[in-house]
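# Survey of secondary and tertiary structure
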Amino acid sequence: MLSESIYGNYETAWCPGCGNFRILAALKKALVESNLTPHEVIFVSGIGQAAKTPHYLNANLFNGLHGRSLPVATGCRLANHQMPVIVETGDGCTYGEGGNHFLAAIRRNINITLLVHNNQVYGLTKGQASPTSDEGFITKAQPHGVYAAAFNPIAVAVALHAGFVARSFAGFEDHLTEMIKQAISHPGFALVDILQPCVSFNKVNTFAWYKNRCYRLPETYDPTDWSAAILKANEWGDQIPLGVISKNSRPPFEAHFDCLGHTPLARQQVDKAKLKAFITHYR
Ligand SMILES: Cc1ncc(C[n+]2csc(CCOP(=O)(O)OP(=O)(O)O)c2C)c(N)n1
Ligand code: SF4
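These remarks concern the structure in this document. (Residues numbered from 1 in each chain as written. Chains lettered and ligands numbered in written order. Predicted model: local features only at pLDDT ≥ 70, side-chain atom pairs only at ≥ 80, totals over all residues. Heavy atoms only, no water.)

## A closer look at a nonpolar patch on the surface
Rules: Two joining distances apply to patches: 9 Å for like charges and 5 Å for nonpolar side chains (Val, Leu, Ile, Met, Phe, Trp, Tyr), and every residue must have over 30% relative accessible area and no salt bridge. Where accessible areas are quoted, they stem from the Shrake-Rupley method and a 1.4 Å probe; at the residue level, only the protein chains shown are allowed to cover. Whenever a carboxyl oxygen of Asp or Glu lies within 4 Å of a side-chain nitrogen of Lys or Arg, that contact is scored as a salt bridge. Here a strand is any run of E in DSSP of at least two residues, a helix any run of H or I of at least four, and the numbering for each starts at the N terminus.
Together, V270, L275, F278, I279 and Y282 give the surface a local cluster of nonpolar side chains, amounting to about 560 Å² of exposed area. Looking at where Y282 falls in the secondary structure, it is placed in helix α9 (residues 272–282).

Below, the structure written as C-alpha cells:
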C-alpha cells in the first residue's frame, strides 16, 4: 500500500499561505491514488514558484529553462512512452514564455499531464502582470493597470480540440486531487488549469475571491459536447466553472509511430552499424 510519505516531505521556499502548498498536497494524493511510485513517473518544469514544485518531491525530475518544459516533456514521452510525464508550471512559464509550445503540444496531442499553477501574476520575479492577469490589474510594473485582454487558456485549449481540459482551485483539495488523477489517466494531452492564490503579489485574486466565484460543473454537464465546452470555457468573472470542461479521444501523438508501439525507445537496443550508416548518409 503506497503512502504520500514516499514522495518525501521537504522544506520549501514558498511564502506561508501560498496556494502552492495545497497543490503539492493534492498532487501527492493523486500520485498515490493513481498507484504510481516515484521511479515510475517523471516531472518536468521550467522556472518560477510553480516550477519548484517537483523540487519538493522525491521523484524523477528535469528542471529546464523558463517556458521550455513542454518540448523536454515531449522528448521524455517519446523516449519512454510507458512512463507518465507530468509538467509543473506557472501561467507565465507556459502561457507566456512557452506559449507556442503550449499550442504545439495540444495540436500534437502529446500524452502528458500539464498542471498550470495559475496565480494570474509573475510570482518569482515579484509581481509583474502575467498573460492571465485580468485587464486593469495594477502592479508595480503596470501602475496604470494592464491594458491587454487576459489570455483564456481553457478557451484556447478547447478551441484546439485538446484531449482533456479541466480547471480546479487550490482551495478545493479533493476536487483538485480528482482532476489531477483524471488528467494522469487520460490517454493524450491533459491540461489542468489550477487557480492558485499568490498571497504576496496578487491581492485581488485571493482565496476568498476564487472561493466566492468558483462553482462545480453539474453531473449533467457533458464534456464531450464541444460546442457546450466552448461556451463554458468563456465563463469568467462572477461565475468560474470547475471540473472537466472538455474531453475527446483523439489518438495521441505516439500512436502514429510504429517504432513506439512496443518497447520504449529508451529500452531498445541500438543497431550501431545502421546508426553509423544513417549518420554517414546525412554528413
Ligand atoms: C527567458 C526568460 N525570461 C524571463 C525570465 C525571468 N523569470 C523567471 S520566473 C518568471 C516569471 C514566473 O512566473 P510564472 O511562470 O507565472 O510562475 P510563478 O512564479 O508565478 O509560479 C520570469 C519572468 C527567465 N528566467 N527566463
Ligand atoms: S510569491 Fe506568490 S507564488 Fe511565490 S511563493 Fe509567494 S505567494 Fe507563492
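So much for the structure itself; the text now carries on.
## Some remarks on the pairing of strand β5 (residues 164–169)
Consecutive side chains of a regular strand alternate in pointing toward one face of the sheet and then the other. Quick note on the threshold: The buried label goes to any residue with under 20% of its type's maximum accessible area, the exposed label to any with over 50%, and the partly exposed label to all in between, with areas taken from a 1.4 Å probe on protein chains only. Think of it this way: DSSP has to see at least two bridges between two strands before they count as a pair. The crossover handedness rule: strands pointing away from the viewer, path from first strand over the helix to second strand clockwise, crossover right-handed.
With six of its six residues buried, β5 lies for the most part within the structure. Alternating positions in β5 separate into two faces, F164, A166 and S168 on one and V165, R167 and F169 on the other, with burial throughout. Pairing geometry for β5 and strand β6 (residues 190–195), over six bridges, is parallel. Across the sheet, R167 pairs through a bridge with D193, a residue of β6. Crossover connection from β5 via helix α6 (residues 173–185) to parallel β6: handedness right-handed. Sheet topology note: the β5/strand β8 (residues 240–247) ladder contains four bridges and is antiparallel. Looking at the pairing, R167 lines up with G243 of β8.

## Examining the site of ligand 1
The test is simple: If a single non-hydrogen atom of a residue is within 4 Å of a molecule or strand, that residue counts as near it. Pairs of N or O atoms within 3.5 Å make up the polar contacts considered here, provided that, within protein, one atom can donate a hydrogen while the other can accept it, and that residues adjacent in sequence are counted only when both atoms are side-chain atoms. When residues are sorted by character, Ala, Val, Leu, Ile, Met, Phe, Trp, Tyr, Cys and Pro go into the nonpolar class, Asp, Glu, Lys and Arg into the charged class, and all the rest, Gly among them, into the polar class.
Surveying the vicinity of ligand 1 reveals 16 residues, the closest of which are Q49, G92, C93, G123 and L124. G123 is positioned such that a nitrogen or oxygen atom in its backbone is 2.8 Å from an oxygen atom of ligand 1. For ligand 1, whose accessible area on its own is 600 Å², the fraction buried by protein is 73%. With four residues, helix α3 (residues 91–97) is the single largest residue contributor to the shell around ligand 1. Taken together, the residues that form the shell around ligand 1 break down as six nonpolar, eight polar and two charged.

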